[in-house]
Amino acid sequence: MSQLDSIPGNTHQSHKMRLASWRRTPIFYPMIGFIVVFIAMSVINDNFLTISNQANLVRQTSIIAIIAVGMSLAILTGGIDLSVGPVMALSGTVMAGLMVAGVPPSLAILLGVLVGAGFGAFNGFFVAFAGMPPIIVTLATMGIARGLGLIYTGGYPISGLPPEFAFFGRGSLAGIETPILIMISVYALGFLLLHHTATGRYLYAIGGNEEATRLSGIRVSRYKLLVYTLSGTTAAIAGLILTSRLMSGQPNAGVGFELDAIAAVVLGGAAITGGRGMILGTLVGAMLLGVLNNGLNLMGVSPYLQNVIKGLIILLAIYISRKRTP
């Protein structure tokens, strides 16, 4: 601390400046919201703070949180990806089908992730090079991915997976459950990409002003292709965890997951129009959504009413986001 900071008045002013600076970051209001909801759920239900429930909360949230990383990238560039739920299901069923056919789990997982990445690249091609609106492209591929998953499985779950595959959804390493470790790894990579590489700076620039970014010499189409490829990849990773947890490939899995992922990103302080957001904010948003779901379930709130509550909270988050956008 400097000599100026040691002066009481200057120290107080310094704290006020830091607080004001933090309040301007996208993560400030999501963090406040998370703390308020967490405390409220802790007071309302005695079972909420138990170790078993907290572990279950994080484990359940990990799938949506991972999908939300890819969704963050899409929204950051001013786009959206509605196909993540069906792509997750398709990737999971491909992994399951290959393992049942005798393919080693490691190779089956790799091929399943490549299916997700390939679908994402398919979306990216039409968005980036054909100039089609992301919401239309991904709405169409949402139906395509769901249909392909049902065709591949005949509409039935694929079971009989090798026991070692359960590690990715039910196992643990160094006392930490595998889904949580995978989630942490995905967020660490997302943080490095967005906040410590030139690619991250370009993605923010594209969302802020795509035309100005293009005129500055940045090949916008390539970065959009990358964004949707990564979105498909994170959906496939989430599919790996879900398939492993269930020990079966479910062609109807992931219904509505795209909306939860969008909600996590918006609740995390990202601007729905692009150009503003933080990967850590998305994690906070996903955890906020997870705490809300878990707490409402413990309270015995009807799933129908839960949808109403979550919808109102998302509307409020979008309203706050728009008010804060210059």
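Residues numbered from 1 in each chain as written. Predicted model: local features only at pLDDT ≥ 70, side-chain atom pairs only at ≥ 80, totals over all residues. Heavy atoms only, no water.

Colleague: Mind showing me how you'd approach the overall build of the protein here?
Modeller: Of the regular secondary structure elements, the protein holds 14 helices and two strands. Burial statistics for the protein: of 326 residues in total, 49% are counted as buried. Considering only intrachain contacts with a sequence separation of at least 6, the fraction spanning at least 24 residues in the protein is 78%. When the accessible surface of the protein is summed, it comes to about 15,400 Å², and 69% of that surface belongs to carbon and sulfur atoms. (Helix = DSSP H or I, 4+ residues; strand = E, 2+ residues; numbered from the N terminus. Buried < 20%, exposed > 50% of the residue type's maximum accessible area, 1.4 Å probe, protein only. Contact = heavy atoms within 4.5 Å. Areas by Shrake-Rupley, 256 points an atom, 1.4 Å probe, with all protein chains shown as cover.)

Colleague: Is there a simple way to explain the layout of surface pockets in this structure?
Modeller: Empty space among the atoms becomes apparent when a probe as large as a water molecule is rolled across them. The volume enclosed by the largest pocket comes to roughly 430 Å³. Lining the largest pocket are 19 residues, and of these Gln60, Ile64, Asp260, Asn293 and Lys310 sit closest to its centre. Secondary-structure elements contributing two or more residues to the lining of the largest pocket are helix 3 (51-76), helix 11 (220-246), helix 12 (257-267), helix 13 (279-298) and helix 14 (303-324). Per-element accounting of the lining of the largest pocket gives the leading share, six residues, to helix 13. (1 Å grid on protein atoms, 1.4 Å probe; cavity = no way out; pocket = protein on both sides within 12 Å on 5 of 7 lines; lining within 4 Å. Points joined across faces, edges and corners; volume = space filled by probe spheres on them.)

Colleague: Explanation requested: the packing of aromatic side chains in the structure shown.
Modeller: On inspection of all chains with the given rule, the structure shows nine aromatic pairs. Aromatic side chains phenylalanine 34 and phenylalanine 38 sit 5.8 Å apart centroid to centroid with 40° between the ring planes, which places their arrangement in the tilted category. With a gap of four residues between them, phenylalanine 34 and phenylalanine 38 both fall in helix 2 (residues 28-44), about one helical turn apart. Relative to phenylalanine 126, the ring of phenylalanine 125 has its centre 5.4 Å away and its plane inclined at 85°; by these criteria the two rings are edge-to-face. Among the residues examined, phenylalanine 125 registers a relative accessible area of 44% and is labelled partly exposed. The rings of Phe119, Phe122, Phe125, Phe126 and Phe129 are connected pair by pair, giving a single aromatic cluster. (Phe/Tyr/Trp six-rings, centres within 6.5 Å; stacked < 30°, edge-to-face > 60°.)

Colleague: Would you mind showing me how to read the environment of isoleucine 151 here?
Modeller: The residue isoleucine 151 is located in helix 6 (residues 134-153) in this model. Linking isoleucine 151 and proline 251, residues 100 residues apart in sequence, is a C-alpha distance of 8.9 Å.

Colleague: Even after reading the chapter, I still don't get the side chain of threonine 93, so can you show me in this structure?
Modeller: Among the secondary structure elements, threonine 93 is positioned in helix 4 (residues 84-100). Judged by its relative accessible area of 0%, threonine 93 falls in the buried class. When residues no more than four places from it in sequence are discounted, the contact partners of threonine 93 are Gly149, Tyr152, Thr153, Ile158, Gly249, Gln250 and Pro251.

Colleague: What should I look at first to understand the pattern of salt bridges in this one?
Modeller: Pairing is possible between side chains that carry opposite charge, provided their charged atoms lie close to one another. This structure, assessed with the given rule, holds four salt bridges. Taking the shortest distance from any N to any O, the salt bridge between glutamate 177 and arginine 59 comes out at 2.8 Å. Note that glutamate 177 is positioned in strand 2 (residues 176-177) and arginine 59 in helix 3, a separation of 118 residues in sequence. Where lysine 224 meets glutamate 210, a salt bridge forms, and the shortest distance between an N and an O atom there is 3.0 Å. Note that lysine 224 is positioned in helix 11 and glutamate 210 in helix 10 (residues 210-215), a separation of 14 residues in sequence. Judged by its relative accessible area of 24%, glutamate 210 falls in the partly exposed class. Overlapping salt bridges, with partners in common, bring together Glu210, Glu211, Arg214 and Lys224 in one network. (Salt bridge = Lys/Arg side-chain N within 4 Å of Asp/Glu carboxyl O.)

Colleague: Explain the environment of glycine 143 to me, please; I cannot follow it from the model alone.
Modeller: If you trace the backbone, glycine 143 turns up in helix 6. Using a relative accessible area of 45% as the deciding quantity, one classes glycine 143 as partly exposed. As for glycine 143 and proline 86, which are separated by 57 residues in sequence, their C-alpha atoms are 7.6 Å apart.

Colleague: In this structure, what is going on with the environment of proline 86? I would like to understand it.
Modeller: Looking at where proline 86 falls in the secondary structure, it is placed in helix 4. If we skip the residues at most four places from it in the chain, proline 86 touches Met142, Ala145, Arg146 and Glu258.

Colleague: Hey, could you run me through the nonpolar core in this one?
Modeller: Inside soluble globular proteins, nonpolar side chains tend to come together where they are buried. Core analysis: the largest hydrophobic core is formed by 83 residues, its most contacted members being Ile66, Met71, Met88, Tyr187 and Leu203. At twelve residues, the largest contribution of residues to this core is made by helix 3. Other than its neighbours up to four places away in sequence, isoleucine 66 contacts Ile182, Met183, Val186, Tyr187, Thr234, Ile237, Ala238 and Ile241. (Core = buried A, V, L, I, M, F, W, Y, C linked by side-chain atoms within 4.5 Å.)

Colleague: Explanation requested: a nonpolar patch on the surface in the structure shown.
Modeller: A contiguous nonpolar patch, built from Ile35, Ile39, Val43, Ile44 and Met299 and spanning about 470 Å² of accessible area, is present on the exposed surface. On the secondary structure map, methionine 299 appears in the loop between helix 13 and helix 14. On the accessibility criterion, methionine 299 (37% relative accessible area) is partly exposed. (Patch = residues over 30% accessible without salt bridge, like charges linked within 9 Å, V, L, I, M, F, W, Y side chains within 5 Å.)

Colleague: Before we go on, may I ask you to explain the UniProt feature "transmembrane region" (unreviewed entry) in the protein in this structure?
Modeller: The UniProt feature table records "transmembrane region" (unreviewed entry) at residues 27-45, 57-76, 107-128, 135-153, 173-194, 225-247, 279-298 and 304-321. Segment residues 135-153 splits into 100% helix and 0% strand. End C-alpha atoms: 27 Å apart. Helix makes up 96% of residues 225-247 and strand makes up 0%, while its end C-alpha atoms are separated by 32 Å. (UniProt positions renumbered as here; feature names shortened; annotations may be inferred.)

Colleague: Help me understand helix 11 in this model?
Modeller: Three or four residues apart is the spacing at which side chains of an α-helix point the same way, because the helix has 3.6 residues per turn. If you check helix 11, its first and last C-alpha atoms are 39 Å apart, about what 27 residues at 1.5 Å a residue would give, namely 39 Å. In terms of burial, helix 11 is largely enclosed, as 19 of its 27 residues are buried. Once helix 11 ends, the next one or two residues include methionine 247, with phi positive near 55°. (Expected span 1.5 Å × (residues − 1).)

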